[in-house]
Amino acid sequence: RRQLFLLEGARAVQEDLRRRGLNVLAQVDSTDSKAMLHLHLAEGASLVVVEEPFCVPWLAGMESLCCHPFRAPVWVVDCCSVIPSALVPPSKCHRAYVFEQATRQLHAE
């Protein structure tokens with residue numbers, strides 16, 4: 001239900017932006033997703049906005065995106081955490097459980 005709710009919200013924003021002249025495409029990964037579809041979409045984009053990955057295997061997707069030559073700027077955003085990633089040491093971002101332990105005190109504040 002939560003995922004459906006998020007997708008319905010994204011669809012509403014997409015329609016609003018389309019009315020303003022902006023074409024928005026979203027890629028939702030699944031087990032049958034086409035490999036490298038994100039690179040194909042990025043090649044024709046004016047702006048690429050991606051969720052900031054914090055752990056394997058999603059880091060590999062970000063690395064492939066950043067190594068691929070295309071003209072559009074890439075904005076990396078953190079949509080899932082109330083703790084800005086800049087407050088977390090890079091050494092604490094390689095595994096989800098390490099990130100959780102490192103941010104426990106910040107969540108309590």
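Predicted, not measured: the structure shown is a model, and the values here were computed from it.

**Some thoughts on the overall build of the protein chain**
Then comes step 1: Along the protein chain, the regular secondary structure elements total four helices and two strands.
Then comes step 2: When the helices and strands of the protein chain are read in sequence order from the N terminus, they spell out α-α-β-α-β-α.
Then comes step 3: Principal axes of the C-alpha set define a box for the protein chain whose edges measure 45 × 30 × 30 Å.
Then comes step 4: When each of the 109 residues of the protein chain is scored for burial, the buried share is 16%.
Then comes step 5: Excluding contacts between residues fewer than 6 apart, the proportion of contacts in the protein chain whose partners are at least 24 apart in sequence is 58%.
Then comes step 6: Within the structure as shown, the protein chain displays about 8,900 Å² of accessible surface, and the carbon and sulfur contribution to it stands at 59%.
Then comes step 7: The distance from the centre of the 11 positive side-chain charges to the centre of the 12 negative ones in the protein chain is 4 Å.

**A word on the pattern of salt bridges**
Then comes step 1: Tallied over the entire structure, the rule returns two salt bridges.
Then comes step 2: The salt bridge partner of R19 is D16, with a shortest N-O separation of 3.6 Å. One end of the pair, R19, and the other, D16, are both in helix α1 (residues 2–19), three residues apart, so they sit about a helical turn from each other.
Then comes step 3: On the basis of relative accessibility, which here comes to 66%, the residue R19 falls in the exposed class.
Then comes step 4: Judged by relative accessible area, which is 28%, D16 ranks as partly exposed.
Then comes step 5: Three or more residues joined by partner-sharing salt bridges are found here, namely D16, R19 and R20.

**A few points about α1**
An α-helical turn contains 3.6 residues, so a residue and the one three or four places further along point in the same direction.
Then comes step 1: Between its first and last C-alpha, α1 extends 26 Å over 18 residues, near the 26 Å set by a 1.5 Å rise per residue.
Then comes step 2: Two residues or fewer after α1 comes G21, characterised by a positive phi angle close to 95°.

**Examining the pairing of strand β1 (residues 48–51)**
Then comes step 1: Going residue by residue along β1, you find V48 and V50 tucked away on one face and V49 and E51 left uncovered on the opposite face.
Then comes step 2: Sheet analysis places β1 next to strand β2 (residues 74–77), joined by four bridges and oriented parallel. Following the sheet pairing, V49 is matched in β2 by W75.

**Comments concerning the side chain of T103**
Then comes step 1: By secondary structure assignment, the location of T103 is in helix α4 (residues 96–108).
Then comes step 2: Classification of T103 as buried rests on a relative accessible area of 2%.

Rules of the game
- Residues numbered from 1 in each chain as written.
- Predicted model: local features only at pLDDT ≥ 70, side-chain atom pairs only at ≥ 80, totals over all residues.
- Heavy atoms only, no water.
- Helix = DSSP H or I, 4+ residues; strand = E, 2+ residues; numbered from the N terminus.
- Buried < 20%, exposed > 50% of the residue type's maximum accessible area, 1.4 Å probe, protein only.
- Contact = heavy atoms within 4.5 Å.
- Areas by Shrake-Rupley, 256 points an atom, 1.4 Å probe, with all protein chains shown as cover.
- Lys, Arg positive; Asp, Glu negative; His and termini not counted.
- Charge placed at Lys NZ, Arg CZ, Asp CG, Glu CD.
- Salt bridge = Lys/Arg side-chain N within 4 Å of Asp/Glu carboxyl O.
- Expected span 1.5 Å × (residues − 1).
- Pairing = 2+ DSSP bridges.

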